[in-house]
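Reading the structure
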Amino acid sequence: MTYQKVNISSEDDIYFALSTVRHFMKRLPFSESDQQRIYVSVSELTRNILDHACGKGLFYCELINQGIRFTVTDEGPGIPNIDEVLNGKKGSSSRGLGLGLSGVKRLMDEFQIETSTRGTKIVATKWAGKN
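Residue positions are given per chain, counted from 1 along the sequence in the order it is written. This being a predicted model, a pLDDT of at least 70 is required before a residue's local features are given, and a value of 80 or more before pairs of side-chain atoms are given or counted; all residues contribute to the totals for chains, interfaces and linings. Side-chain measures were taken over the full set of non-hydrogen atoms in the model, leaving aside hydrogen atoms and water.

1. Looking at the packing of helix H2 (residues 32-52) against helix H4 (residues 100-107)
Here the axes come from fitting lines to C-alpha atoms, over the contacting stretch only for helices, and the angles between their N-to-C directions go from 0 to 180 degrees. Starting at the N terminus, helices and strands are each numbered in turn, a helix being any DSSP run of H or I of at least four residues and a strand any DSSP run of E of at least two. Look at H2 against H4: their axes get within 9 Å of each other, and the N-to-C directions meet at 150 degrees. Between H2 and H4, the crossing angle belongs to the class labelled roughly antiparallel. Between H2 and H4 lies a crossing whose hand is left-handed. Along the contact surface, H2 presents Arg37, Val40, Ser41, Glu44, Leu45 and Asn48, while H4 presents Gly100, Leu101, Val104 and Leu107. Note that the term roughly parallel is reserved for angles under 35 degrees, roughly antiparallel for angles over 145, roughly perpendicular for angles of 65 to 115, and oblique for everything else. What makes a crossing left-handed is the near helix being turned counterclockwise from the far one by less than a right angle; a clockwise turn instead makes it right-handed. Contacts are assigned to residue pairs with any non-hydrogen atoms lying within 4.5 Å of each other.

If you want it as C-alpha cells, here you go:
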C-alpha cells in the first residue's frame, strides 16, 4: 500500500497535496475526467481546512486496490448545518472552486463525513475505471 500524509496549514501545502495525488494517480488507469474530479475534490477539501478550520489539518492520501482514497481531518469548529451543506442548500463563503462539500460528494465514488465541535473528518474514494 502506498500513502502520503500532508499537514495543511498554507497554500503551499495544498499544492503539495495536489502533487502527491497526481503522482499516485499515474499508477492507476484514471480517465482524464476522473483525474479532474479528484483534483477538484482535493482542492476543495484542503481549501476548507484553511478557510474554515483555523488553518490546521491533515490530508492523508493512499492507493487502495484500484482506487485512490483520501482522508482529511481538522480540529475546527465542525459543521453545524451539515445536511444543508451536503444538499447544496447552504452557500459557501470559501475561496475554493465553489463546489463545496456537496460537489465533492457528487464527484467522488464514496464519501463519508463525521463532524462535531471538535473537528471534521472526511473520507473520499475514487475507483479507477468506474463509470
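What follows picks up the thread again.
2. Considering the packing of helix H1 (residues 11-25) against H2
Two elements in contact, H1 and H2, have axes separated by 10 Å at closest approach and are oriented at 155 degrees. One element, H1, and the other, H2, form an angle in the roughly antiparallel class. Handedness of the H1/H2 crossing: right-handed. The segment H1 lies against H2, with Glu11, Ile14, Ala17, Leu18, Val21, Arg22 and Met25 engaging Gln35, Ile38, Tyr39, Val42, Ser43, Thr46, Arg47 and Leu50. Under the convention adopted here, Pro, Cys and the residues Ala, Val, Leu, Ile, Met, Phe, Trp and Tyr are nonpolar, Asp, Glu, Lys and Arg are charged, and Gly plus all remaining residues are polar. By residue class, the composition of the contact of H1 with H2 is nine nonpolar, three polar and three charged.

3. What about the sheet that holds strand S1 (residues 2-8)?
Strands are labelled as partners when DSSP assigns at least two bridges between them. Within the open sheet, the five strands sit side by side as S1-S2-S3-S5-S4. Their pairing is antiparallel. Across the chains shown, the open sheet's two edge strands, defined by having one partner strand only, are S1 and strand S4 (110-116). Pairwise comparison of adjacent strand axes, ignoring direction, gives a mean angle of 10 degrees for this sheet. Against the sheet, H1 makes contact with S1, strand S2 (57-64) and strand S3 (67-74), and its axis sits at roughly 170 degrees relative to S1, the strand it touches most. Contacts between H2 and the sheet are confined to S1, S2, S3 and strand S5 (119-127), with S3 contributing the most and set at about 10 degrees to the helix.

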